[in-house]
Amino acid sequence: MCIFCDIAEGKIPSYKVYEDDVCLAFLDLAQVTRGHTLVIPKKHFANILECDDETVAHLAKVTRMLAKKITDNLQAPGCNILNNTNEIAGQSVMHVHFHIIPRYGSDDGLIAEFRPNHEPYDMEQIVKDING
Ligand code: 5GP
Ligand code: ZN
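The structure reproduced in this document is the subject of the present report. Here the structure is a predicted model, which is why all the values come from computation and not from measurement. Numbers given for residues are sequential positions, taken from 1 along each chain in its written order. Whichever chain is written first is A, and whichever ligand is written first is 1; the rest continue in order. Reporting of local features is limited, given that this is a predicted model, to residues whose pLDDT is at least 70; pairs of side-chain atoms are given and counted only at 80 or more, and all residues count toward the totals for whole chains, interfaces and linings. Hydrogen atoms and water are omitted, and side-chain values are computed over all heavy atoms in the structure.

### Quick notes on the sheet that holds strand β1 (residues 16–19)
- Spatial ordering of the open sheet is given by β1-β2-β3-β5-β4, a layout of five strands whose pairing is antiparallel. Among the strands making up the open sheet, the edge pair consists of β1 and β4 (78–82). The sheet shows a mean angle of 20° between the axes of neighbouring strands, taken without regard to direction.
- At least two bridges found by DSSP between two strands is the condition for calling them paired. In this text, helices come from DSSP runs of H or I with a minimum length of four residues, and strands from runs of E with a minimum of two, each type numbered from the N-terminal end. Looking at chain direction, strand β3 (residues 37–41) and strand β5 (residues 98–103) are connected through three bridges and run antiparallel. When the sheet's bridge partners are listed, Leu38 is paired in β5 with His99.
- Contacts from helix α2 (residues 53–73) reach β1, β2 (23–27), β3, β4 and β5, with the element oriented near 160° to β3. Fitted lines through C-alpha atoms give the axes, limited to the stretch in contact for helices. The angle between two N-to-C directions lies from 0 to 180 degrees. The contact criterion used throughout is that any non-hydrogen atoms of two residues lie within 4.5 Å.

### Some thoughts on the coordination of the zinc ion (ligand 2)
- Those protein atoms acting as donors to the zinc ion (ligand 2) are Cys2 (SG), Cys5 (SG), His44 (ND1) and His95 (ND1), and they sit at 2.0 to 2.3 Å.
- Taken together, the four donor atoms coordinating the zinc ion (ligand 2) span angles of 105 to 119° at the metal, a pattern that classifies the geometry as tetrahedral.
- For Cys5, a relative accessible area of 14% corresponds to the buried category.
- Accessibility expressed as a relative area gives 37% for His44, which makes it partly exposed. Only nitrogen, oxygen and sulfur atoms count as donors, using a 2.8 Å cut-off from the metal that widens to 3.2 Å for Na, K and Ca. Water is left out, so coordination shells may look unfilled. Just to be clear on the cut-offs, tetrahedral is four donors with all angles between 85 and 135 degrees, square planar is four donors and octahedral six with opposite donors over 155 degrees apart and all others between 65 and 115, and anything else goes down as irregular. Each residue is placed in one exposure class: buried if its accessible area under a 1.4 Å probe, protein chains only, is under 20% of its type's maximum, exposed if it is over 50%, and partly exposed if it falls in between.

### With respect to the packing of aromatic side chains
- Any two rings among Phe, Tyr and Trp, with Trp reduced to its six-membered ring, count as a pair given centres within 6.5 Å; such a pair is stacked if its planes are under 30 degrees apart, edge-to-face if over 60, and tilted if neither. Under the definition given, this model contains one aromatic pair.
- Where Phe4 meets Phe26, the ring centres are 5.5 Å apart and the plane angle is 80°; that geometry is what we call edge-to-face. Here Phe4, found in helix α1 (residues 3–8), pairs with Phe26, found in strand β2; they are 22 residues apart in sequence, far enough to count as distant.
- On the basis of relative accessibility, which here comes to 7%, the residue Phe4 falls in the buried class.

### Points about the state of the cysteines
- Note that a disulfide, as used here, is simply two cysteine sulfur atoms within 2.5 Å. Under the defined criterion, the tally for this structure stands at zero disulfides.
- Between Cys79, a cysteine without a disulfide, and Cys23, which holds the nearest cysteine sulfur, the sulfur-to-sulfur distance is 16 Å.
- Owing to a relative accessible area of 29%, Cys79 belongs among the partly exposed residues under this scheme.

### Details of the site of ligand 1
- Around ligand 1 sit 16 residues in total, of which Asp28, Asn84, Ser92, His97 and His99 are the nearest.
- In this structure, an oxygen atom belonging to ligand 1 sits 3.0 Å away from a main-chain N or O atom of Val93.
- In this structure, His97 approaches ligand 1 through a side-chain N or O atom, which is 2.9 Å from an oxygen atom.
- Per-residue accessibility takes into account occlusion by the displayed protein chains alone, with areas from the Shrake-Rupley method and a 1.4 Å probe. Contact with the protein chains covers 81% of the free accessible surface of ligand 1, which is 520 Å².
- At the level of elements, α1 and β2 are the ones that each hand at least two residues to the shell around ligand 1.
- Residue contributions to the shell around ligand 1 peak at three residues, all from α1.
- Each residue is assigned to one of three groups, with Ala, Val, Leu, Ile, Met, Phe, Trp, Tyr, Cys and Pro labelled nonpolar, Asp, Glu, Lys and Arg labelled charged, and all others, Gly among them, labelled polar. Along the lines of polarity and charge, the residues of the shell around ligand 1 split into nine nonpolar, six polar and one charged. We call a residue near a molecule or strand when any one of its heavy atoms sits within 4 Å of it. Here a polar contact is taken to be a pair of N or O atoms separated by no more than 3.5 Å, where protein atoms must pair a possible hydrogen donor with a possible acceptor and residues adjacent in sequence count only if both atoms sit in side chains.

Here it is, written out as structure tokens:
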């Protein structure tokens, strides 16, 4: 059983923002900021790594379209578009989704911070490792 499949099938109610044949967007129950929206495929994929290219491309297109609409119409100067992949990265619902989190100020509910560690990484080796 998957809670987002239930939402996609209308078994669990949601505040729907957008819908087409492939995907659905609805308000996150726990609004990090006003207008926090989730974009999901109607078909179940556990995460972005499991999802096919065509569906990912469609999700990206709809996410961009909605991010523009949300920031314009809710007067947000910017937004964060987030995807958490697997538990280690904070994924709690195992049905792929993008978060659109409109941003209103530095103290608006989302703390997103990069903290680079300063280990002397061998950058050339990293590129080689990534490409196998
Ligand atoms: P994740 O941590 O997996 O990236 O994000 C899952 C999100 O789904 C969370 O922000 C959580 O608030 C939201 N969520 C969980 N259950 C429900 C639900 O039943 N309805 C809605 N609208 N959002 C949910
Ligand atoms: Zn699902």
